[in-house]
Amino acid sequence: MQPHVLVVEDEDALAELLQYNLKKEGFRVSMAADGEEAMMLVEERQPDVVLLDWMLPKVSGIEVCRRLRGRQETRNLPIIMLTARGEEADRIRGLDTGADDYIVKPFLMKELFARVRAVLRRIRPGLAEDRVVVGDISIDRVAHRVMRSDAEVHLGPTEFRLLDYLMQHPGRVFSREQLLDAVWGSDVYVEARTVDVHVGRLRKALNKAGEGDPIRTVRSAGYALNAD
Ligand code: CA
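Going along each chain's sequence as written, the residues are numbered from 1 onward. Per-residue local features are limited, in this predicted model, to residues with pLDDT of at least 70; the limit for side-chain atom pairs, both in listing and counting, is 80 or more; totals at the level of whole chains, interfaces and linings are taken over all residues. Neither water nor hydrogens contribute to the side-chain values; these are computed over all heavy atoms in the structure.

**Things to note about the overall build of the protein chain**
Tallying secondary structure elements over the protein chain gives 9 helices and 11 strands in all. A compact globule built from 228 residues would reach a C-alpha radius of gyration of about 17 Å, and the protein chain, at 19 Å, matches this within 12%. The principal-axis extents of the C-alpha atoms in the protein chain amount to approximately 60 × 35 × 30 Å. Classification of residues uses two cut-offs on accessible area relative to the type maximum, computed with a 1.4 Å probe and protein chains only: under 20% is buried, over 50% is exposed, and between them is partly exposed. Here the protein chain, with 228 residues, has 49% of them falling under the buried criterion. Counting from the N terminus, the helices are the DSSP runs of H or I reaching at least four residues and the strands are the DSSP runs of E reaching at least two. With C-alpha atoms as the basis for the radius of gyration, the globule rule is written as 2.2 Å multiplied by the number of residues raised to the power 0.38.

**A closer look at the coordination of the calcium ion**
Within the protein, the atoms that donate to the calcium ion are D10 (OD), D53 (OD) and M55 (O), at distances of 2.0 to 2.3 Å. For Na, K and Ca the donor cut-off is 3.2 Å, while for other metals it is 2.8 Å, and in both cases only N, O and S atoms qualify; water is not among them, so sites may look incomplete. Counting gaps between the donor residues of the calcium ion yields the pattern D-x42-D-x1-M. Remark: D53 occurs in strand 3 (residues 49-53) and D10 occurs in the loop between strand 1 (4-8) and helix 1 (12-24); sequence separation between them is 43 residues. Its relative accessible area of 31% is what places D10 among the partly exposed residues. Taking relative accessible area as the criterion, D53 reaches 4% and is therefore assigned buried.

**Quick notes on the packing of aromatic side chains**
What counts as a ring pair is set by centres within 6.5 Å for rings of Phe, Tyr and Trp (its six-membered ring), and what kind of pair is set by the plane angle: stacked under 30 degrees, edge-to-face over 60, tilted for all other angles. Per the stated rule, a full pass over the model turns up 2 aromatic pairs. Between F27 and F113, the aromatic rings sit 6.4 Å apart at their centres with planes inclined by 35°, giving tilted as the arrangement. A residue pair is termed long-range when its members are at least 10 positions apart, and F27 in the loop between helix 1 and strand 2 (28-32) and F113 in helix 5 (residues 109-123) qualify at 86 residues. Here the two residues F27 and F113 agree in accessibility, since each one is buried.

**Quick notes on the environment of G98**
Within the element layout of this structure, G98 appears in the loop between helix 4 (88-97) and strand 5 (101-105). The sequence separation of G98 and L14 amounts to 84 residues, and the corresponding C-alpha distance is 24 Å. When neighbours within four sequence positions are excluded, G98 is seen to be in contact with C65 and R69. Here, residues are in contact when the closest pair of their heavy atoms is within 4.5 Å.

**As for the packing of helix 7 (residues 157-168) against helix 8 (residues 176-184)**
Where helix 7 meets helix 8, the axes come as close as 10 Å, and the angle between the chain directions of the two elements is 115°. With respect to helix 8, the element helix 7 is oriented roughly perpendicular. At the point where helix 7 passes helix 8, the crossing takes the right-handed sense. Across from T158, R161, L162, Y165 and L166 in helix 7, the residues of helix 8 making contact are L179, A182, V183 and W184. The residue classification treats Ala, Val, Leu, Ile, Met, Phe, Trp, Tyr, Cys and Pro as nonpolar and Asp, Glu, Lys and Arg as charged. All others, Gly included, are polar. Per-class residue counts for the contact of helix 7 with helix 8 are 7 nonpolar, 1 polar and 1 charged. Only the contacting stretch of a helix is used when fitting its axis, a line to C-alpha atoms as for every element, and angles between N-to-C directions run 0 to 180 degrees. Orientation categories follow fixed angle ranges, with anything under 35 degrees roughly parallel, anything over 145 roughly antiparallel, 65 to 115 roughly perpendicular, and all other angles oblique. Handedness of a helix crossing follows the sense of rotation of the near helix relative to the far helix, less than a right angle counterclockwise being left-handed and clockwise being right-handed.

**Re the domain arrangement of the protein chain**
Looking at the assigned domains, one finds that the protein chain contains domain 1 (4-127) and domain 2 (130-225). Where each domain begins and ends follows an automated or database-derived domain assignment. Relative placement of domain 1 and domain 2: their C-alpha centres are 27 Å apart. Between domain 1 and domain 2, the contact holds 9 residues from the first and 11 residues from the second. A carboxyl oxygen of Asp or Glu within 4 Å of a side-chain nitrogen of Lys or Arg is what we treat as a salt bridge. Between domain 1 and domain 2 we count 0 salt bridges in total.

Rendered as structure tokens:
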């Protein structure tokens, strides 16, 4: 699963450069040009990490950071602040407000990638690791292999991505739209009902041996993978 980065940057040239390079490096990328749009996209697209410029129109980067930390759903969302050279006091304030790291402009893409990976590894090990285990289910991203208890589970590519995503956020409820966005991508048009079809297939494959159903349907809200 490609980690999803939300870039919040109002300088067009830098925003484009970041988008281009992050995509090339294998990240999914969403873009916001001000703080308000950033808040909206965090809710809508549920990025894995936010690159947040300090000086932004409407709502400042620091205020976005403060708001994200104040909300239950985004309390642990990794945030890397982008600051201009010499704004030492800002950096310290940034970390005070709850940013996980900061990087000083201008920076090398290589350095940025390393910081993003480091933050993801620290905060969301499930994203960076090759093998993730939730309850009696394990997924090996390198071998593309899923096991439940000791039996191998055979999944199609979409079901694999769906399970992979759910396993990164055990216990959390996702709407059909959020799953569509994360698993199919926001550029693809797929009906919400398609999600139900693939969740159905995933369930069937996982529960073949008659174990309990690890996927919870939350009526009118969506789906979640049980954490235990
Ligand atoms: Ca700026």
